Amino acid sequence: MNPDQIRNIGVIAHVDAGKTTLSEQILLHGGAIRTVGRVDEGGTTMDYLRQEQLRGITIRAGVASFEWKGKQINFVDTPGHIDFSLEVERSLRVLDGAVAVFCGVRGVEPRTKAVWALADKFGVPRVGWINKLDMPGADFAGTILEIEEAFGIVALPVDWPVVKDGVVVGAVDLVDWTARELREHQSRKLPSIPVEWLAFAEPARERLLEEASKDDEALMEQILAGRVDPSTLVQAVARGCRSGRFLPVTGGSALRGWNSATVLDSVVRYLPAPETRGDIKDHPGAGLVFQSTVGEGGKRTVVARLFAGHMEKGQRIRKAHSDEPPDTIERIYQVFADDLIEIESAASG
């Protein structure tokens, strides 16, 4: 597959912000699962270890792949609990982008700052999701301001959820400048943006255009001409996101599935595709292991990201900077949570 069509992403958050619940919705939208599991019932797809199911938290990074609007999403569900920060760090090293989840009630929490710092350390671009907008006291706009104050980044809503009496009843796409009505898991595009929604949508749209056009002459010309092409705006926001200047933000309720598909739209629009570094561009096969287990007979199974070249069964591989003798690749699998599908080879990306 062309690397431009791939997104390697993970989800980072403070524990209990709804990270695993959002992960279930992401898998549902991508067609990887048919029903959503609940954390409190121990039935989530990515938390397949018995201890995870009993404690209601993610301990080991789960991996799954699916397609969304023509892109292959390789998805890593990372732990959010403070006890498993090393697992988060290992996962972030193999990601090209991440979804940062914030609680719409509690805002930016201590663990949020810790995982954010790790993402900064490894240069991982992010998009944001503000969760639990169905809860009393939830504040989408207030959380936006708190994110900016905590991290010194421009948090740009690209889709604004409309909440009435604890229900997400609709949303305004600030990029396409359209509105849609939401009823449970159904979405209906409206012929125009309702007048009562314009009070918050117009200022948010103006700010989006202002920030995105600061370093984009083509977008500025379109704004002055009064005809903004959404694709030009997407490109401008994507550049700002990938450089770390913007955090494109959407929101809703992961538990109820309200507006959660906007997360995947942000992933394919704004997060980068994998690239091979120039110093390993011609390498026959270079990767990074981020999980490892030893089974019966001492055989080791690893989960790895391949950064250059390709690997096939029967090839000999060795650890970098090690005098240990090389190992032989006996099997290669495509991973989906605890399911393994055997394949013949794997390529970079």
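Remember, predicted model here, so these are calculated numbers, not experimental data.

Procedures and definitions
Residues numbered from 1 in each chain as written. Predicted model: local features only at pLDDT ≥ 70, side-chain atom pairs only at ≥ 80, totals over all residues. Heavy atoms only, no water. Helix = DSSP H or I, 4+ residues; strand = E, 2+ residues; numbered from the N terminus. Buried < 20%, exposed > 50% of the residue type's maximum accessible area, 1.4 Å probe, protein only. Contact = heavy atoms within 4.5 Å. Pairing = 2+ DSSP bridges. Axes fitted to C-alpha atoms, helices over the stretch in contact; angles between N-to-C directions. Parallel < 35°, antiparallel > 145°, perpendicular 65-115°, else oblique.

Visitor: It is not clear to me how the environment of Pro274 should be interpreted in this structure. Could you clarify?
Guide: Its place among the elements puts Pro274 in the loop between helix H9 (261-270) and strand E12 (285-294). Among the residues examined, Pro274 registers a relative accessible area of 8% and is labelled buried. With 180 residues separating them along the chain, Pro274 and Val94 place their C-alpha atoms 10.0 Å apart. Those residues in contact with Pro274, other than ones at most four positions away along the chain, are Pro3, Ile6, Asn8, Asp96, Arg305 and Gly349.

Visitor: Just checking my understanding: could you explain the sheet that holds strand E7 (residues 159-164) for this structure?
Guide: Sheet strands associate in pairs through backbone hydrogen bonding, adopting either a parallel or an antiparallel arrangement. The antiparallel open sheet is built from 4 strands, whose spatial order is E7-E8-E9-E10. Each of the sheet's edge strands pairs with one partner strand only, and the pair in question is E7 and strand E10 (186-189). Put simply, the sheet's adjacent strands are angled 25 degrees from each other on average, direction ignored. Pairing of strand E9 (residues 178-183) with E10, which is carried by 4 bridges, proceeds in the antiparallel orientation. Opposite Arg183, over in E10, you have Gln186 as the bridge partner.

Visitor: What should I look at first to understand the sheet that holds E12 in this one?
Guide: Strand order in the open sheet formed by 3 strands is E12-E13-E18, with antiparallel pairing between adjacent strands. The open sheet terminates on both sides in strands that have one partner only, identified here as E12 and strand E18 (345-347). For this sheet, the mean inter-axis angle between neighbouring strands, taken without regard to orientation, is 30 degrees. With 3 bridges connecting them, strand E13 (residues 300-312) and E18 associate as antiparallel partners. Counted as the bridge partner of Glu312 is Ser345 from E18.

Visitor: Looking at this structure, I do not really get the packing of helix H1 (residues 19-29) against H9. What am I missing?
Guide: How two helices pack is summed up by the angle between their axes together with the distance between the axes. Close contact between H1 and H9 brings their axes to 9 Å; oriented N to C, the two are set at 75 degrees. Put simply, H1 runs roughly perpendicular to H9. For the pair formed by H1 and H9, the contact residues are Leu22, Ile26 and His29 on the first element and Ala261, Val263 and Leu264 on the second.

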